[in-house]
Every structure is written in C-alpha cells, then in structure tokens.
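Listed below are the residues making up each chain.
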Number of protein chains: 2
Amino acid sequence: MGDHNQYWRARETRLLVDRSPHVRVFEEDLDLPSGAFIPGWLKVELPDFAIIFALLEDGQVPLVRQYRRALDAFTLELPAGGIETGEIPLITAQRELREETGVEAAEWFSMGSFTLDANRGCGVMHAFAARGAHQVAAPDHGDLGDLSLCLMPLEEVRQRWRKGQFPLAPTMLTIGLGLQVLSV
Amino acid sequence: MGDHNQYWRARETRLLVDRSPHVRVFEEDLDLPSGAFIPGWLKVELPDFAIIFALLEDGQVPLVRQYRRALDAFTLELPAGGIETGEIPLITAQRELREETGVEAAEWFSMGSFTLDANRGCGVMHAFAARGAHQVAAPDHGDLGDLSLCLMPLEEVRQRWRKGQFPLAPTMLTIGLGLQVLSV
C-alpha cells in the first residue's frame, strides 16, 4: 500500500481505567485509511518523566537503588521522576537529581524525548546529562523510605552498560547517550 | 530505613483489564516490610519483544517505517516483534528481522533484557545485534500493509542517534548498545 498521509481516526474512545495521574487505559475503535476497522485498540497512558546521567567532579555517577514491585527486585537506576503538570522537563530533572541524590550540576544537556512503547505509548522519557556536578545535601530516602544513593565510578558504569547489566530500559538508554554527549 | 530483604507482598490481586496477549492491567493491595499498606497499586503487562540492530555487509542498517497510533505519527524504528509463548528471544529476533526486512545475518549478539517502565513494568525488551547481514527476500508489509523498509547508512544512524532523533526508546537503546557491541 505504501505511505499515506491520512492518519487512523478514532470512531469512539472509551476510558477503561482511570487512575490519574498514574495510569489511564483507553480503548479506541479505529478507522484506517485503507478502509479497515480495528475495534478495541488499547492505549496506555503513564506520566512523562525526566531521567538524569550526571557526572560528579570526582568522576562518579549518582545512581539510586530501590525495590521495584514491577520487577519484584531491587534495581540500580539513574535518578528520575515524574513531570508535574505544566513543568519544563529540565526543571523536573534538576529537582529530581537534587531530591533523590542531593546533587546539583553546573552544566545541563537535553538529549531527547522518547516514547517507551511503540504500540501502547506508556509515556515519554526526557533524557538529560549533567556535568560539573557535586553533592550539596543529603539524599532524600523517598516516599517509602527505601531509596538509597549509590555513587559509582564512571568506568564501572560504562562496563556495566556495555554488558547490559542495568535492568531498566530508560537507565540503559540514558547512560548510552550520556557517555556520548559528555564525551567520557 | 535502609535496605531489607523482605519484598512487598500482595494481600489481594485483581485483574482490571484482560486483553491477552496484548495488554493486562492488575491491581494489587500491598503490604510493605515497614508495615505500610498500599491499596490499588497498578501493574501493566505488555508482551515481551525482541529488537534488532543489524549491520548489512554494504554498511547499511535496516529500519522500518510505519504509522504508530500511540504517537499519532510515522516512526522510523529498528525491526522488532513479540515473543511467542515459549519462544527463545533469539529465534524471535531472527524471525522478525527476516519478516519485516527480508534480512538474514551470520553472527548474532545478545545485548541484554530490559524492563520498559520502572513503576508499571510494561514488558521486557530483548536487544540483539547482528552482523554479516544480507537481504535475501522482499520485506513483508505487515498485517496492515503499511510497514516499509528503510536502509540507512551506518553513519546516518549514528548521527541521528547522537542527536536523539529516533522517537522510540527501545530503538534508541538498541542502537546505542549495537554501535558498541559491533565496534562500529
């Protein structure tokens, strides 16, 4: 059929799950340009978030460790957090880095915005890198008190990244881009 | 509170949306080790999938272009596809590369498995790289006839990746790792 400029159109949209601002699931009945009809197509809406690869002046990278129910495991991740309504993603990134790790940084780089899931959406991640970073406060331990800071030497971060050893996709993506953007 | 070895436990689990094998949404009432209780915590289950960064012997990388309802846009992505029940992810990767792009490859590398969303889950992506690839058949145009093959020179892929110009997180992550693993 080749390319076309007509998008799919929703004949009807139904909200199946509404747990704003955390999760919303929509069901759409779609008309395609080809004349095909897709009933009950599902879209998952999750909050957009900012995620940060920061390099401290002493060559360490701040990570956080916490229990994640979705994986039923403790994970090591880059600091990240949800974007509040109307907030500029860079402001979210600076706030979350400060809250979760106690770190502030002099120079910030926006590395792009990426949808998590091609089929269902699942929110957009905004990836940032920062350098000239230093710890200015004690980290917050999170709403549930189980978040801990881990300062990892850059070379260990790189080696773990190369081996695919961080369990979450947003952390892996942001480390890969961050190493390039900061040329480290 | 620091670390602990007791995981959160589900007192009750309810299935809110069941569109197997595409989407399932669960609601859990959780008991935490601290004694805290979280009612109605949501988990989103999406199919696990394989995604492939392949390098053709002529230096091009096969990508696919298609309309994605979740973004309401045409995207340029690495070939990818859902893992069928009991299937080994490498077999999925080889099948999807062949189906979507008509390409077969001599050498395969597993680069890791990553959960898409830290809070909700949203499935696991299995990232592969392949080299010594060559086109052996015409690409399939997909279930809806709107998938098209795009062969992009490696240098253009690298430049677009550095600038964050692919819209989907799994494609961005897999390109970043693939460039490292294939040392290109």
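Residues numbered from 1 in each chain as written. Chains lettered and ligands numbered in written order. Predicted model: local features only at pLDDT ≥ 70, side-chain atom pairs only at ≥ 80, totals over all residues. Heavy atoms only, no water.

1. Some thoughts on the overall build of chain A
Scanning chain A for helices and strands turns up three helices and ten strands. Across chain A, helices and strands are ordered from the amino to the carboxyl terminus as β-β-β-β-β-β-β-α-β-β-β-α-α. Projected onto its principal axes, the C-alpha coordinates of chain A cover approximately 60 × 40 × 30 Å. At a minimum sequence separation of 6, the contacts of chain A that also span at least 24 residues come to 56%. Split by element, the accessible area of chain A, about 8000 Å² in all, is 48% carbon and sulfur. (Helix = DSSP H or I, 4+ residues; strand = E, 2+ residues; numbered from the N terminus. Contact = heavy atoms within 4.5 Å. Areas by Shrake-Rupley, 256 points an atom, 1.4 Å probe, with all protein chains shown as cover.)

2. Brief notes about the sheet that holds strand β6 (residues 73–77) of chain B
Residue and element names in this part refer to chain B. With antiparallel pairing, three strands are arranged side by side in an open sheet as β6-β5-β10. Every interior strand has two partners, whereas the edge strands, β6 and β10 (148–153), have only one. The sheet shows a mean angle of 30 degrees between the axes of neighbouring strands, direction not considered. Inspection of the sheet shows strand β5 (residues 60–68) paired to β10 by six bridges, in the antiparallel sense. Bridging from a neighbouring strand, Val61 pairs with Met152 of β10. (Pairing = 2+ DSSP bridges. Axes fitted to C-alpha atoms, helices over the stretch in contact; angles between N-to-C directions.)

3. Some points on the relation of the copies chain A and chain B
Between the two copies, chain A and chain B, the superposition gives an RMSD of 0.0 Å; the rotation angle is 180 degrees and the shift along the axis is 0.0 Å. This pairing of chains is accounted for by a two-fold axis. Across chain A, the rotation axis passes nearest the C-alpha of Leu173 of chain A, at a separation of 2.2 Å. Interface residue correspondence from chain A to chain B reaches 100%, placing this contact among same-surface, isologous pairings. (Least-squares fit on C-alpha atoms with pLDDT ≥ 70 in both.)

4. A word on the interface of chain A and chain B
Residue-level contacts link 64 residues of chain A with 64 residues of chain B. Across the contact surface, chain A and chain B share four salt bridges. Its salt-bridge partner being Glu28 of chain A, residue Arg69 of chain B comes within 3.0 Å of it at the nearest N-O pair. The interface formed by chain A and chain B holds 16 residue pairs in polar contact (both at pLDDT 80 or more) in total. Per-element accounting of the side of chain A that touches chain B gives the leading share, seven residues, to helix α3 (residues 169–181) of chain A. For the side of chain A that touches chain B, the per-class residue count stands at 36 nonpolar, 13 polar and 15 charged. (Salt bridge = Lys/Arg side-chain N within 4 Å of Asp/Glu carboxyl O. Polar contact = N/O pair within 3.5 Å; in protein donor to acceptor, adjacent residues only side chain to side chain. Nonpolar A, V, L, I, M, F, W, Y, C, P; charged D, E, K, R; others polar.)

5. Things to note about the packing of aromatic side chains
Counted by the stated rule, this structure contains ten aromatic pairs over all chains. Linked through ring pairs, Tyr7 and Trp8 of chain A together with Tyr67 and Phe74 of chain B together constitute an aromatic cluster. Its guanidinium or amino end placed over the ring of Trp41 of chain A, Arg120 of chain A lies 5.4 Å from that ring's centre, counting from NZ or CZ. (Phe/Tyr/Trp six-rings, centres within 6.5 Å; stacked < 30°, edge-to-face > 60°. Lys NZ or Arg CZ within 6 Å of the ring centre and 35° of its normal.)

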